[in-house]
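# Structural description and commentary
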Amino acid sequence: LRELHVTLNRVHSELGLLGEGSEIIVIREDIWRKTNAPWNQGIHMRMQTANGGAQEMGGYVEMLEINVEGIKMWAHAYVVLDAPYQLLLGQPWQRLVCLSKNET
């Protein structure tokens, strides 16, 4: 697993986990609270977890600013109550930044 140091909404630094198989961006609720970003609770989804279970998501943060070493991007991030990670940077974010990985 790979982690990146990110700054969210210019106010909170955190580790973001690169989610190779994730089709969405996910932020844990306690981390979202530190960003001061508005939370749209009008949309609910269920996410299939990596271990085959399901988890309810109670809305999303619209256009969350994600800054990695001066590179800023904005993306929707779905909010979950509990997760083993703080921020999961899924494929939408990876496509936005044209992420390229080199194996070492």
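Residues numbered from 1 in each chain as written. Predicted model: local features only at pLDDT ≥ 70, side-chain atom pairs only at ≥ 80, totals over all residues. Heavy atoms only, no water.

Across its full length, the protein chain carries 2 helices and 9 strands. Along the chain direction, N to C, the helices and strands of the protein chain fall in the order β-β-β-α-β-β-β-β-β-β-α. Computed over C-alpha atoms, the radius of gyration of the protein chain comes to 13 Å, within 12% of the 13 Å expected from 2.2 N^0.38 for 104 residues, which places it in the range of a compact globule. Projected onto its principal axes, the C-alpha coordinates of the protein chain cover approximately 40 × 30 × 20 Å. Looking at the protein chain as a whole, 43% of its 104 residues are labelled buried. Within the protein chain, counting contacts between residues at least 6 apart in sequence, those at least 24 apart form 54% of the total. When the accessible surface of the protein chain is split by element, carbon and sulfur atoms take 50% of a total near 6,300 Å². Of the side-chain charges in the protein chain, 9 are positive and 12 negative, and the distance between the mean point of each set is 3 Å. (Helix = DSSP H or I, 4+ residues; strand = E, 2+ residues; numbered from the N terminus. Rg over C-alpha atoms; globule rule 2.2 N^0.38 Å. Buried < 20%, exposed > 50% of the residue type's maximum accessible area, 1.4 Å probe, protein only. Contact = heavy atoms within 4.5 Å. Areas by Shrake-Rupley, 256 points an atom, 1.4 Å probe, with all protein chains shown as cover. Lys, Arg positive; Asp, Glu negative; His and termini not counted. Charge placed at Lys NZ, Arg CZ, Asp CG, Glu CD.)

The next subject is the confidence of the model for the protein chain. This prediction gives the protein chain a mean pLDDT of 85; 90% of its residues lie at or above 70. When pLDDT is averaged over each element of the protein chain, helix H1 (residues 29-35) comes out on top at 95 and helix H2 (residues 91-96) at the bottom at 75. (pLDDT = per-residue confidence, 0-100.)

This part takes up the packing of aromatic side chains. With the rule as written, the count across this model stands at 2 aromatic pairs. Judged by centre distance (4.5 Å) and plane angle (65°), the ring pair of tryptophan 32 and tryptophan 39 falls under edge-to-face. Its relative accessible area of 11% is what places tryptophan 32 among the buried residues. (Phe/Tyr/Trp six-rings, centres within 6.5 Å; stacked < 30°, edge-to-face > 60°.)

What follows concerns the pairing of strand S2 (residues 12-18). Counting buried positions along S2 gives 5 out of 7 residues, so the element sits mostly inside the fold. Note that strand S1 (residues 3-8) and S2 share 6 bridges and pair antiparallel. Residue leucine 8 lies in a different strand from S2, and its bridge partner there is histidine 12. Connecting the antiparallel pair S1 and S2 is a turn made up of 3 residues, with asparagine 9 showing a positive phi of about 50°. (Pairing = 2+ DSSP bridges.)

This brings us to the side chain of histidine 12. Its location among the elements puts histidine 12 in strand S2. With a relative accessible area of 13%, histidine 12 lands in the buried category. In contact with histidine 12, other than residues within four places in its own chain, are Val6, Thr7, Ile31 and Lys34.

Once that is clear, we can look at the environment of leucine 88. Residue position: leucine 88 is located in strand S9 (residues 87-89). Sequence separation of leucine 88 and cysteine 98 is 10 residues, and the distance between their C-alpha atoms is 17 Å. Leucine 88 has contacts with Leu17, Leu18, Gly19, Ser22, Ile24, Ile25 and Val26, leaving out every residue within four places of it along the chain.

Another point: the side chain of threonine 35. The topology assignment puts threonine 35 in helix H1. Residues within four places of threonine 35 in sequence aside, it is in contact with Leu8, Asn9, Val11, Ile27 and Leu64.

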